[in-house]
Amino acid sequence: MDNQKVILITGCSSGFGLLTAVRLAAQGHFVWATMRDISKKGALEEALAKHQAKAAIRPLDVTQPSSIKSVVEEIKKTHFHLDVLINNAGYGTAGFFEDLSEEEMRGQMETNFFGVQAVCREVIPIMRERGKGKIINVSSIAGLVATPCLGAYNASKWALEAFSESLYYELSLFGIQVVLVEPGSYPTNIFTKNAHYAKRFDNAQSPYFSFSQKLKDIAEGGIRKLKKNPDDVARLIENIVNTPRPKLRYVSDFSSWSRVMAQKVLPPPLIATIFRRIIHAKR
């Protein structure tokens, strides 16, 4: 294809990363699809074969600088440039603050925030030398509005939002575009196989135990009822890749946008009252 782009994507073993890698590879782009645990590449390989597409699959742990450097160096040697970076790797840890250890809080930030910065540090010089490039950071509406029991995840995404907006202005000096994609809840592995809970989440001695279990029930029930298709987010990212002048922020769908607007408009005391009524309702 005449407009083939070289694209690096993190977190491609499942979910948005896998779907995005397949979409872009099927479109004819040269995709470097990476994941922390390369033994989980089977689903990606199967999806690529189904669409008669190819991608370079490599191990990349965003918390290990040497891992990042290895992949970026290979891209430089192969193509001499990189057009698009899609920072998708991440996870969410559920738990009330007092149930979360400092280690769990720091681990959440290491992947979702510092991991993004680490990949950007390796990639930006390549784009800056060419005077163009596009960095797409997959955030969440959790980076726009906070939710009880998701404080660690919220903090990591709010930090990513602020960093990305600052980077948007800084890199405009060199013709590099920065974009935030902000999905709401979708039925992906982040809520099932890849779900992370605080070590004290199921500790019956925790003062938050009954609240944690109630919220978990509500969340799992909500995910089962979701009709949204995760591929819609991959399609949005594909459109951003192909858009000459993208916006800074894209909330993925109307229901997510409505949730953000409602929480920004409603006064916090009212939201807290609604939360308490939900949490105290009979299970």
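Residues numbered from 1 in each chain as written. Predicted model: local features only at pLDDT ≥ 70, side-chain atom pairs only at ≥ 80, totals over all residues. Heavy atoms only, no water.

Draft legend 1. Examining the sheet that holds strand β4 (residues 84-87) more closely. Spatially, the 7 strands line up as an open sheet ordered β3-β2-β1-β4-β6-β7-β9, and their pairing is parallel. At either margin of the open sheet sits one strand with a lone partner, and together these are β3 (56-59) and β9 (249-251). Pairwise comparison of adjacent strand axes, ignoring direction, gives a mean angle of 15 degrees for this sheet. Each of β1 (6-9), β4, β6 (133-138), β7 (176-182) and β9 touches helix α7 (residues 231-242); the most contacted strand, β6, lies at about 160 degrees to it. (Pairing = 2+ DSSP bridges. Helix = DSSP H or I, 4+ residues; strand = E, 2+ residues; numbered from the N terminus. Axes fitted to C-alpha atoms, helices over the stretch in contact; angles between N-to-C directions. Contact = heavy atoms within 4.5 Å.)

Draft legend 2. Layout of the packing of helix α1 (residues 15-26) against α7. Close contact between α1 and α7 brings their axes to 8 Å; oriented N to C, the two are set at 50 degrees. As judged from the angle between their axes, α1 and α7 are oblique. Note on packing geometry: the crossing formed by α1 with α7 is right-handed. Taken together, the residues of α7 that come into contact with α1 (itself represented by F16, L19, T20, R23 and L24) are D231, V233, A234, R235, I237, E238 and V241. (Parallel < 35°, antiparallel > 145°, perpendicular 65-115°, else oblique. Left-handed = near helix turned anticlockwise from the far one by under 90°.)

Draft legend 3. Fine view of unusual backbone geometry. In this model, Q52 sits at a positive phi of 55 degrees, which is unusual for a non-glycine residue. As for its position among the elements, Q52 is in the loop between α2 (42-50) and β3.

Draft legend 4. Representation of the pattern of salt bridges within the structure. Inspection of every chain in the model, using the stated rule, returns 16 salt bridges. R58 is the salt-bridge partner of E74, the closest N and O atoms lying 2.8 Å from each other. With E74 in helix α3 (residues 65-79) and R58 in strand β3, this pair connects stretches of sequence that are 16 residues apart. The closest approach of N and O atoms between K76 and E73, which form a salt bridge, is 3.6 Å. Of the two residues, K76 and E73 both sit in helix α3, 3 residues apart, roughly one turn of that helix. Among the residues examined, E73 registers a relative accessible area of 32% and is labelled partly exposed. By sharing partners, the salt bridges in this structure join R23, D231, D232, R235 and E238 into a single network. (Salt bridge = Lys/Arg side-chain N within 4 Å of Asp/Glu carboxyl O. Buried < 20%, exposed > 50% of the residue type's maximum accessible area, 1.4 Å probe, protein only.)

Draft legend 5. The pairing of β7, seen in detail. Here β7 lies mainly inside the structure; 6 of its 7 residues are buried. Note that β6 and β7 share 6 bridges and pair parallel. Considered in β7, the bridge of G133 is made with I176. What joins β6 to β7 is helix α5 (residues 151-171), and the crossover it makes is right-handed. (Right-handed = clockwise from strand over helix to strand, strands pointing away.)

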